[in-house]
Amino acid sequence: MSIVDKAKQAAQVVQQTVVKKAVELAPDSWVPGGKPDPLIGHAHAHIGKPVSRVDGPLKVRGEATFAAEFVHAGMVYASVAFSSVAKGRIATLDTREAEAAPGVALVMTYRNAPRMQPMPLFLTGEKAAGGDNLPVMQDDRIHWNGQPIALVLAETQEQADHAQSLIRVTYAPEPAVTTFAEAKAQGTEPGVFAGQPMKKEIGDAEAALAAAAVKVDAVYRTPRHNHNAIEPHAATVAWNGDELIVHDASQAVVHTAWSLASVFGLEEKQVHVTSPFVGGGFGGKSLWQHQVLAAAASKLVGRPVRIALSREGVFRMIGGRTVTEQRVAIGARADGHFDTIIHTGTAAMSRHNVLPEPFIQQTRGAYAASHFKLEVEVAYMDMLANTFMRAPGESVGTFALESAVDELAVALGMDPIELRILNEPKEDPTEGLPFSSRHVVEAWRTGAERFGWAKRDPKPGATREGEWLVGMGCAAATYPYNRMPGGAARITLTRDGHARVEIAAHEMGMGTATAQTQVTAERLGLELDQVTIVYGDSTLPGLVLAGGSQQTAAIGAAVAAAQHALVAELLKLAGKDSPLAGLKPDEVGGLDGGLAKLDAPERHESYQSLLARAQRDEVTVEANAPPPMEGMHWSMHSYGAMFCEVRVNAITGETRVSRFLGSFDCGRILNPKTATSQFRGGIIMGLGLALMEEAQFDERKGRIMNPSLAEYHVPVHLDVPTIDVIWNDIPDPHTPMGARGIGEIGITGTGAAVANAIYHATGKRIRDLPLTLDKLL
Ligand code: MOS
C-alpha cells in the first residue's frame, strides 16, 4: 500500500470513528431500530410459520434455471487451462494443436485477450465484487499455481476440454513464497478488515496473564478450506452490442454488474447480471476471473459463452479460507472470573486480496474481562487469493477461543457451561456498548437440559462402550448482526390485491423468497399467494449482498420502508369517503387485504376498494432502507450454545459424532422450517471443519493437491447424526422483524464443541484442525 493510500485509510478510520461515537451517543429513538418493528410480536398469520419453500416445486421439477442452464443461440462452451507454477513467466505457449482440434472456436491467451482493467476488490468500494485485483490474462506473468493461462471455446464442452488438454506451455519460474513458515519468517503486517484494524488492546493483558491464579496459553492451528458449493461456479454470458448479459451464480448481482462494467470500461447500466437460483454461495460466489474471461472470450468470438467450472476449476480459481495460527491465553482468578483474554496470531494472505481472516472478531464480545489483547497479523504467500467462507473469522476463531475456554475449565476444575455463564458480560466488553438483545444464558440452560449435560461425568475418558470412548463437549457460537447500506425495494400493488416486491437480492438455497413472502404478506395484510418476490437481477432496486448473514435484515428494512411509502401513497389516494380519511401513515398498517387504523382496526378499507375508488389499476412505490446505524449504537450479535457427543474408537482413533444439538438465541425466527435447515447446514459444515476438511497445499509448488471431492473430504450422510436444533425465539427489539442473522452462526463453535468432546472422550487435546485419527493415536 502506498503512503497516500495509507493516509487515506487513516483519514477514513478517523471519520468512521467520529461518526461511530456520535451514533453511540445518540438517543435510541434517533437510530434505526429505536422503535421496535411491529412485526416482532408473536401473534401473526405468516411469520414464525414453517412455510415450505416457494421455489420448492420448481426445483423438484427441474424447472429452476441455474447459471449454467441458460441457453443462447450459437452458444459455445469454455474450458480453462491452469498454470502449474506459483510464480514466474510463461516462457512458451503453443496453442496450434488446440486451435486445430475439432469444434474449436477460439483459444484465448494473454496474447489475444482484449484489454481489461483488474477486478475491483471486494470491500474496497461500495459495489466492488472482485476476489482478486490481478490483471486477468493481460500479460505473461504468473501469480499463483492454478492461474488461468488459456481459455478454449468450442461447440461442445467435451471438445473444449479436449482442446484445452492440447495446449503446450513452459514456464520461467521465479522464487515463490509457498510455505507458511517462510511467509512468517519474511515478517508479518497488521491486518485491516473493512477499514477496521484487527487489533484491540485494553489494559495490560500480558502482565495480567503473568499474575493470573489460573491460566491457559496455547496455540491453535487451522488449515486451508476450499469452497465446495453443490453448484460449481458457472456463468452464461452474451453480448448484445455493447450490452453485456451475464447469467451468473451470484451472491452479489449489483456488485458484479458494476464491477464487470469497471473491468470492461462500460457504464454500469450496460451490464445486466441475473442470478435467479444459486446452488450455495457461502462467500465464494462473487466475481472471479471466470466471469471476466468468459465475457472477454465471448466478445472476441462474437458468440455467447457458457463457462461451468469443473470441481478442480473451483479449487484452482476460486479462493477459500486461509491457514491460521492463533494464540489464545486466558488468565482467571481462582473463582473462575476472567481477568485477561489474549487472542493473537497470523493468517496467510495473498498480496492481491484484502481478507486477513479476522479470527479475533468473536473474542471482542464473548466474555467479560478487564484486559484484552487481540490482534490478527498477516503473512504473505504466493497463492490463490484467500476469501470469505462461511463465518470468515468466527468459524476458526471460535475453534481457538472455545477450545481455550474448555481447557481453562479443566484447569479450574469447573463445569465449562458454568464457567461461560460466570463470565457473561453485561455490556460489550471491548466496545462498551449495550447489547441489543443477548439471551445466550437461556440458550445454554435450555440446551444443557435437552442434551442431558447433567449426566456427564466430568472426568475425561470415563465412559467406554466396547472399543468406543464416549465424550460430551460444548462451545459457544456467535456471529454478528449485520445490515449493510444500500437496501431498497419496489412494491407494486395491483387492484386484485396482489403485491409484487422487487429487490436485487439472492436465493442461494436458504429460503430468501419464502421468508420474504411471509414478511411481506404479514406487513401488507395479505395471504402468501398474493405476494410475489422478484429478485436475482441487477436491474432491480437496491444493493443487497447475500453475505454477512445480513440479507434478511437488509431486505426486511427495505420492504418496511417501501410499505411505509405505499401506505402514504394509498392514503393520498383514499379521499374523503374512505374510512381511512385523515389518517397519517404512522397510524395505519396492513390488515385483511387492506389498510386499517392500528388502534382501531374497524377503520379498514381493502386495497381493491382503495384502488377502485382512485380508478387505478396499480400503485408502485420504491423506497430506500434507512442507513444501518443500529450496529454502531448497540452491540448486536446472534448467539448459540453447541453440544456434541462423540465416540472415538480406542483402537483406530476414528471419531464418530453421535449426537449434536444447537441451541440458538438469534432473535425472532421467521420460518422454523427454513431456519432449521440453515442451522443444520452450518453445523454440518462445522463438522467438516472439525473432522475432515483440509485443502492440502504442496509447499514445494504452492499447488492444492486434493482438488476433488474424492480427496477433499466433506461430511456425507453417514458422517452426520440427527442434528437437533432449538431456539428461544426472543425478538431483538432493534432489528427488522426482531430477527437476527442465522446463515453463518451454525458453523461457529461447532469445531470446538467437537474438539472438546474428543478431549472429554479421550483425554487428548488436539489443537490442530482437522481432528483426524492420526492425531488421536
Ligand atoms: Mo458469507 S462468508 O458472508 O457469504
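Scroll up for the structure.
Here the structure is a predicted model, which is why all the values come from computation and not from measurement.

About the criteria used
Residues numbered from 1 in each chain as written. Predicted model: local features only at pLDDT ≥ 70, side-chain atom pairs only at ≥ 80, totals over all residues. Heavy atoms only, no water. Helix = DSSP H or I, 4+ residues; strand = E, 2+ residues; numbered from the N terminus. Rg over C-alpha atoms; globule rule 2.2 N^0.38 Å. Buried < 20%, exposed > 50% of the residue type's maximum accessible area, 1.4 Å probe, protein only. Contact = heavy atoms within 4.5 Å. Areas by Shrake-Rupley, 256 points an atom, 1.4 Å probe, with all protein chains shown as cover. Lys, Arg positive; Asp, Glu negative; His and termini not counted. Charge placed at Lys NZ, Arg CZ, Asp CG, Glu CD. Polar contact = N/O pair within 3.5 Å; in protein donor to acceptor, adjacent residues only side chain to side chain. Pairing = 2+ DSSP bridges. Axes fitted to C-alpha atoms, helices over the stretch in contact; angles between N-to-C directions. Salt bridge = Lys/Arg side-chain N within 4 Å of Asp/Glu carboxyl O. Expected span 1.5 Å × (residues − 1). Core = buried A, V, L, I, M, F, W, Y, C linked by side-chain atoms within 4.5 Å. Phe/Tyr/Trp six-rings, centres within 6.5 Å; stacked < 30°, edge-to-face > 60°. Lys NZ or Arg CZ within 6 Å of the ring centre and 35° of its normal.

A. Layout of the overall build of the protein. Regarding its fold elements, the protein presents 18 helices and 32 strands. Computed over C-alpha atoms, the radius of gyration of the protein comes to 27 Å, within 12% of the 28 Å expected from 2.2 N^0.38 for 777 residues, which places it in the range of a compact globule. Taking the principal axes of its C-alpha atoms as reference, the protein extends roughly 80 × 75 × 55 Å. Across the 777 residues of the protein, 61% fall into the buried class. Of the contacts formed within the protein by residues at least 6 apart in sequence, a portion of 81% connects residues at least 24 apart. Taken as a whole, the protein presents about 29,000 Å² of accessible surface, with 54% of it coming from carbon and sulfur. Here the protein carries 72 positive and 87 negative side-chain charges, and the mean point of each set is 2 Å from the other.

B. Fine view of the environment of Trp-453. One can find Trp-453 in the loop between α12 (440-451) and β19 (463-465). Once the C-alpha coordinates of Trp-453 and Leu-524 are considered, the two residues, 71 residues apart in sequence, prove to be 44 Å apart. The residues touching Trp-453, leaving out its near neighbours within four places in the chain, are Asp-415, Pro-416, Ile-417, Ala-448, Met-472, Gly-473, Cys-474 and Phe-643.

C. Seen up close, the side chain of His-633. Counting through the fold element by element, His-633 comes out in helix α16 (residues 630-633). Reaching out from His-633, the side chain makes a polar contact with the backbone oxygen of Glu-24 at a distance of 3.4 Å. Sequence-distant contacts of His-633, defined by excluding residues within four places in its chain, comprise Val-23, Glu-24, Ala-26, Pro-27, Asp-28, Val-31, Leu-433 and Pro-434.

D. Local environment of the sheet that holds strand β14 (residues 271-274). Here we have 7 strands laid out as an open sheet, ordered β3-β5-β1-β15-β12-β13-β14, and mixed in their pairing. Strands at the two margins of the open sheet, each flanked by one partner only, are β3 (104-108) and β14. Sheet twist, expressed as the average angle between the axes of neighbouring strands with direction ignored, equals 20°. With 4 bridges connecting them, β3 and strand β5 (residues 148-154) associate as antiparallel partners. By the bridge assignment for β5, Leu-106 is matched with Leu-153. Lying over the sheet, helix α4 (residues 157-164) contacts β1 (76-82), β3 and β5, oriented at roughly 25° with respect to β1. On top of the sheet, helix α7 (residues 253-264) reaches β12 (234-240), β13 (243-248) and β14; it is set at about 145° to β14, its chief contact.

E. Region of the structure containing the environment of Glu-24. As for its position among the elements, Glu-24 is in helix α1 (residues 3-25). A relative accessible area of 16% places Glu-24 in the buried class. As a C-alpha pair, Glu-24 and His-633 span 609 residues in sequence and 4.4 Å in three-dimensional space. Excluding its chain neighbours within four sequence positions, the residues that come into contact with Glu-24 are Leu-433, Met-632 and His-633.

F. Molecular detail of the pattern of salt bridges. The final tally for this structure, using the stated rule, is 48 salt bridges. With its nearest N and O atoms 2.8 Å apart, the salt bridge here joins Arg-96 to Asp-94. The exposure class of Arg-96 is exposed, given its relative accessible area of 63%. Judged by relative accessible area, which is 26%, Asp-94 ranks as partly exposed. Glu-357 is the salt-bridge partner of Arg-321, the closest N and O atoms lying 3.6 Å from each other. Remark: Glu-357 occurs in the loop between β17 (338-349) and β18 (371-380) and Arg-321 occurs in the loop between α9 (311-317) and β16 (324-332); sequence separation between them is 36 residues. In this structure, Arg-321 and Glu-357 share a single accessibility class: buried. Each of Lys-20, Lys-21, Glu-24, Lys-200 and Glu-431 takes part in a single network of salt bridges with overlapping partners.

G. The arrangement of α7 in detail. The end-to-end C-alpha separation of α7 is 16 Å, in line with the 16 Å expected for 12 residues at 1.5 Å each. By the criterion of burial, α7 is predominantly enclosed, with 10 of the 12 residues buried. Within α7, the full set of buried residues consists of Val-253, Val-254, His-255, Thr-256, Ala-257, Ser-259, Leu-260, Ala-261, Val-263 and Phe-264.

H. Looking closely at the sheet that holds strand β4 (residues 141-142). Reading across from one edge, β4-β2-β6 is the order of the 3 strands in this open sheet, with antiparallel pairing throughout. The open sheet has two free edges, formed respectively by β4 and β6 (168-173), since each of these has just one partner strand. With 2 bridges connecting them, strand β2 (residues 88-94) and β4 associate as antiparallel partners. Bridge assignment links Arg-89 to a residue of β4, and that residue is Arg-141.

I. Summary view of the nonpolar core. Ranked by internal contacts, the top residues of the largest apolar core, which has 91 residues, are Phe-338, Phe-643, Phe-660 and Val-754. Phe-338 has contacts with Ile-330, Gly-331, Ala-332, Tyr-367, Ala-368, Ala-369, Val-405, Leu-408, Leu-419 and Asn-423, leaving out every residue within four places of it along the chain. With 66 residues, the next largest nonpolar core counts Ala-78, Met-108, Met-137 and Ile-142 among its residues.

J. Just unusual backbone geometry, in detail. Residue Pro-770 is bonded to the preceding Leu-769 through a cis peptide linkage, with omega at -10°. In this fold, Pro-770 is placed in the segment after α18 (750-762). At Phe-282, a position not held by glycine, the phi torsion is positive, near 65°. With respect to the helices, strands and loops of the structure, Phe-282 is situated in the loop between β14 and α8 (289-301). You can call Phe-282 partly exposed: its relative accessible area is 28%.

K. Just the pairing of β2, in detail. Pairing of β2 with β6, which is carried by 6 bridges, proceeds in the antiparallel orientation. The residue of β6 that forms the bridge with Leu-93 is Val-169.

L. Expanded view of the packing of aromatic side chains. One pass over the full model with this rule turns up 12 aromatic pairs. On the numbers, 5.0 Å between centres and 85° between planes, the contact of Phe-122 with Phe-388 is edge-to-face. Placement of Phe-122 in the loop between β3 and β4 and of Phe-388 in the loop between β18 and α10 (394-412) is noted, with a sequence separation of 266 residues between them. A single burial state applies to Phe-122 and to Phe-388, both of which are buried. Judged by centre distance (6.2 Å) and plane angle (40°), the rings of Phe-193 and Phe-388 are tilted. With Phe-193 in strand β8 (residues 192-193) and Phe-388 in the loop between β18 and α10, the pair connects residues that are 195 residues apart, well separated along the chain. For the residue pair Phe-193 and Phe-388, the accessibility class agrees, reading buried in each case. Each member of the aromatic cluster is reached from another via a ring pair, and the members are Trp-444, Phe-451, Trp-453 and Phe-643. One cation-aromatic arrangement involves Arg-438 over Phe-435; the distance from NZ or CZ to the ring centre is 4.7 Å.

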